[in-house]
Number of protein chains: 2
Amino acid sequence: MPLEPHIIRSFVEACGQQDVLVNRSECWAYGYDNSKQHACPDLVVLPHQTGQIQECVQICRRYNIPLTTRGRGTNTTGATVPIHSGVILSTERMDRILEMDASNRNIQVEPGVLNASVQERASKHGLFWPPDPGSSDYCTIGGNLACNAAGPRAIKYGTCRENTLELCAVTGAGEMIRTGNATTKGVVGLDLTRLLVGSEGILAIITEARLKLSPIAERTDTIRATYQDTRSAIEAVVEILSQNSMPCALEFIDEGSLNLIRRQEKMRFDNCAKAMLIIEVDGLEQTVDADVEAILRAASNPGCINLHNASDSKQKTELWLARKVLSQALRSFAPDKINEDVVVPVSQLPTLLTELELLSKKFSIPVFSFGHAGNGNLHVNLLYNESDEREAVSARQCLSEIFDLVLRLNGTLSGEHGVGISKRDWVSKEIDPGALCLMQKIKQQFDPDQILNPGKSLPDIANTD
Amino acid sequence: MPLEPHIIRSFVEACGQQDVLVNRSECWAYGYDNSKQHACPDLVVLPHQTGQIQECVQICRRYNIPLTTRGRGTNTTGATVPIHSGVILSTERMDRILEMDASNRNIQVEPGVLNASVQERASKHGLFWPPDPGSSDYCTIGGNLACNAAGPRAIKYGTCRENTLELCAVTGAGEMIRTGNATTKGVVGLDLTRLLVGSEGILAIITEARLKLSPIAERTDTIRATYQDTRSAIEAVVEILSQNSMPCALEFIDEGSLNLIRRQEKMRFDNCAKAMLIIEVDGLEQTVDADVEAILRAASNPGCINLHNASDSKQKTELWLARKVLSQALRSFAPDKINEDVVVPVSQLPTLLTELELLSKKFSIPVFSFGHAGNGNLHVNLLYNESDEREAVSARQCLSEIFDLVLRLNGTLSGEHGVGISKRDWVSKEIDPGALCLMQKIKQQFDPDQILNPGKSLPDIANTD
């Protein structure tokens, strides 16, 4: 149902004609995200300032209109799809870097600034922001924070949660709040900063963020380790994590994924390799050798076929390319895929992978796994054809059993992608009723009229009672 | 007002006679903490199990009795002093290590386990838990988490917030909740773990915690750097933080404190030194040299008098002893002291220290500062005589201006000690009304009858409206 003219006028008065889209063809593009789901919003606002956001929230409250905040829509869970239509608030025009504070190693930005822009600006001072999702070239900081984005470097440097100092946000009540501090320590009051990070826009709209930066390492080595079986590769992961040198990436690629890479790329891997690790080590020019040596020692076991330290940047790029082409390769292998990002304690990875193989056979659904093994965080891909009804049903049943398996192994359903629409029905399997009820009550406090991103992240209150 | 006999009977029925203290002389000792404040509780319960805690909470709800949770009372802010009397719940008998999971680098413990016991157990697997408050030998994990304790290592390894994976807790409604995950990543639901960490027992009683462990470094070097003035020492701090090698401690000691150490200890410092840094560097046997070299380069400037790498463990112990005797030395210098732990952005440390000198002169109150300069976190000590009324008033006025100064410099009133009673009146100067109101509402959700640790951490609701 389109918005009534006087409501549209309110938004135009609040933001100006040029920052409001109502034409359906213009609005259409704001209904997608990388989950491939779509719902057309009734109106799109493109604010430049916090004050405009506050006014938009008040209008939405007044007329009970859903408001979904959106960066660049790179998330994979439908978190920015306006399933109850209403207003999309796109932060794309709030893209200013407000302060680059090199001496205190932080940068203050608006939510629409791209991850890549932060990296570029920080790099001029020898600094970087650790979260590095695959979409870093075109995803926004606001989106990163809303989803608690991570990526390969999280193993050493942490996720958004560990790399955010201070936030400004507008709550669902239209109130401006500041959380956290400009400093790296602080214990006054409750930690609302980490409550907002990962909350998928259901509590507040982030309007400013002060991000904690780290110094760029002088040197980074990239090691390719191949194994004759999965078990040996995972044993190496456990061994690497139990010694002193912390790698800055520790990625696992399974046999099926390796075969796909072999098919797509001209890269020559060891032909008999059934599992691969990509290990990165960073540090000072003079310290990396000793760290690499320690890690190679840990990575080496009877099942190891080859350990190769990529010596030049061409080799390094090639190696990461292999990891990066995977997503595309998977899609070309099957028209549809479910891409999950489950996490288990690292010691449970061998069990997880063995059981995944069994489930793949049981449901006749190819399952390919790769990802951030150092955090026990695997991207589990189920390949199927959505138009084949039996296959689609099998895929969903298989996924259901994967989730049960992960929870049985003391894991979590998502390490970095979040919940959005996709995993919402599963949340109450992971979180106990008491905690879930508190989360819903907190949501109620931040957003008394339940206008912010309805139908996402947390199940409806009724489900848990 | 003592509790009525039938209420006491309820506690005895819930916990057993041997786990309930009602005798005033026995209760008396549970009314103190390291803030030197005291209020005698009406009753002390010493539960062994979560179920007993749930029952105690229900009794307190039924009869509207304040319930204050206490570890070993090492905090300095009065956070465990039962100012509205009622019940003290001491976690001292919940002191089991539930699981040492070396392969996943974590340990699951009950809240009454001592910090030192965790370190001892973890060290058998080459691991440690980073938070290391000065009281680590006799403070509990529950207390550490409630206050988000830190210490010198926070600069490299983070505080409790960055080193806690999973919590079990009983809310003020008597409900058992589990927060977080056994894994190092997880984004399902809102982050209640970090909401509980640092909440000073006003939301829930922590009953179990899974702590994230780190590998013990092969080698640690300790450097003593002396400077001819404060400015040079702080310039070195900023310089150290802007290069690649991250020290695992970066402590500052000011001139007044150095003089106190000189008086107490037979340690020979450079006589003309007016500021000192203690810098620790850890890593692999083969990497520490390069890191130390980089840090010495950064620490060296025209105002630097001497850089000394303590080569043996005796020298190291001596150096840390100097830092540790300070607290005692300060007390012997003046009968009373206010010990604050303000934080400012590192680049503001010179301004903070200059202004502190001026305030010290203005109020004729000696001010000694030392602490975790790498986090911008200084322990500011105001020395005075409480029995001299004019001095006592001056000290409090001076403190008030120090807090104003810190907030003007974009800092925070507490880096690791917390709020408790001592800083409660100041909280609304730091946190904006909107955020504070949300914190109070969250408190209300966790603790609907406001029985948990009343009068602490957050100002009363009326104060902010």
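The structure presented is a predicted model; accordingly, all values stated were derived computationally and were not measured.

The rules behind each value
What you see as residue numbers is a count from 1 along each chain, following the sequence as written. Whichever chain is written first is A, and whichever ligand is written first is 1; the rest continue in order. In keeping with the model being predicted, local features are shown solely for residues with a pLDDT of at least 70 and side-chain atom pairs are shown and tallied solely at 80 or more, while totals for entire chains, interfaces and linings include all residues. Each side-chain value is derived from all of the structure's non-hydrogen atoms; neither hydrogens nor water enter the calculation. Here, residues are in contact when the closest pair of their heavy atoms is within 4.5 Å. Two parts placed together each lose some accessible area under a 1.4 Å probe, and the buried area is that loss summed for both. We define a salt bridge as a side-chain nitrogen of Lys or Arg found within 4 Å of a carboxyl oxygen belonging to Asp or Glu. Under this definition, polar contacts are N or O atom pairs within 3.5 Å; protein pairs additionally need one hydrogen-donor-capable and one acceptor-capable atom, and for neighbouring residues in sequence, both atoms have to be side-chain atoms. Secondary structure elements follow DSSP: runs of H or I of four or more residues count as helices, runs of E of two or more count as strands, with numbering from the N terminus. Only Asp, Glu, Lys and Arg are considered charged in this grouping, and only Ala, Val, Leu, Ile, Met, Phe, Trp, Tyr, Cys and Pro are considered nonpolar; every other residue, Gly among them, is considered polar. The superposition of copies rests on a least-squares fit of C-alpha positions from residues with pLDDT of 70 or more in both. When a residue's accessible area, from a 1.4 Å probe over protein chains only, is under 20% of the maximum for its type it is buried; when over 50% it is exposed; and in between it is partly exposed. Every axis corresponds to a line fitted to the C-alpha atoms, with the helix fit spanning only the stretch in contact, and the corresponding angles, defined between N-to-C directions, vary from 0 to 180 degrees. Here the word oblique covers every angle except those under 35 degrees (roughly parallel), over 145 (roughly antiparallel) and from 65 to 115 (roughly perpendicular). We call a crossing left-handed when the near helix sits turned anticlockwise from the far one by less than a right angle, and right-handed when that turn is clockwise. Here a strand pair is declared whenever DSSP counts at least two bridges between the two strands.

Chain A puts 84 residues into the contact, and the matching count from chain B is 84 residues. Summed over the three residues of chain A that lose the most area to chain B, namely A:Lys185, A:Val187 and A:Leu190, the buried surface amounts to 13% of that side. The tally of links between chain A and chain B comes to 4 salt bridges. Here B:Lys185 makes a salt bridge to A:Glu416, at a shortest N to O gap of 2.8 Å. Our count for the contact surface shared by chain A and chain B stands at 27 residue pairs in polar contact (both at pLDDT 80 or more). Contributing elements (two or more residues each) for the side of chain A that touches chain B: strand S9 (176-180), helix H7 (192-196), helix H8 (230-241), helix H10 (288-299), helix H14 (427-430) and helix H15 (433-446) of chain A. Ranked by residues supplied to the side of chain A that touches chain B, first place goes to H15(A) with 8 residues. Among the residues forming the side of chain A that touches chain B, the class breakdown is 36 nonpolar, 32 polar and 16 charged.

To continue, consider the relation of the copies chain A and chain B. After a rotation of 180 degrees and a shift along the axis of 0.0 Å, chain A superposes on chain B with an RMSD of 0.0 Å. The superposition of one copy onto the other is thereby described by a two-fold rotation axis. In terms of proximity to the rotation axis, the leading residue of chain A is A:Thr287, whose C-alpha is 2.4 Å off the axis. An overlap of 100% is found between the interface residues of chain A and their copies at the interface of chain B, pointing to a shared contact surface.

All names here are of chain A. Among the structural elements, Asn 163 can be located in the loop between helix H6 (154-157) and strand S8 (164-171). Given the relative accessible area of 2%, Asn 163 is considered buried. At a separation of 2.9 Å, a polar atom in the side chain of Asn 163 contacts the main-chain carbonyl oxygen of Tyr 157.

What follows is about the packing of H8(A) against helix H12 (residues 349-363) of chain A. Residue and element names in this part refer to chain A. Two numbers describe how H8 lies on H12: the axes approach to 9 Å, and their chain directions differ by 155 degrees. On the basis of their axis angle, the class for H8 and H12 is roughly antiparallel. Taken as a pair, H8 and H12 cross one another with a handedness that is right-handed. Between H8 and H12, the residues in contact are Thr 230, Arg 231 and Ile 234 and Leu 349, Pro 350, Leu 353 and Thr 354, respectively. Split into classes, the residues belonging to the contact of H8 with H12 amount to 4 nonpolar, 2 polar and 1 charged.

For the rest of this paragraph, the subject is the sheet that holds strand S3 (residues 67-70) of chain A. Residue and element names in this part refer to chain A. If you walk across this open sheet you meet the 4 strands as S1-S2-S4-S3, and the pairing is mixed. Each having just a single partner strand, strand S1 (20-21) and S3 make up the two edges of the open sheet. Pairing of S1 with strand S2 (residues 43-45) involves 2 bridges; the strand directions are antiparallel. From the neighbouring strand, Val 20 faces S2, where its bridge partner is Val 45.

Nothing here speaks to function; it is geometry throughout.
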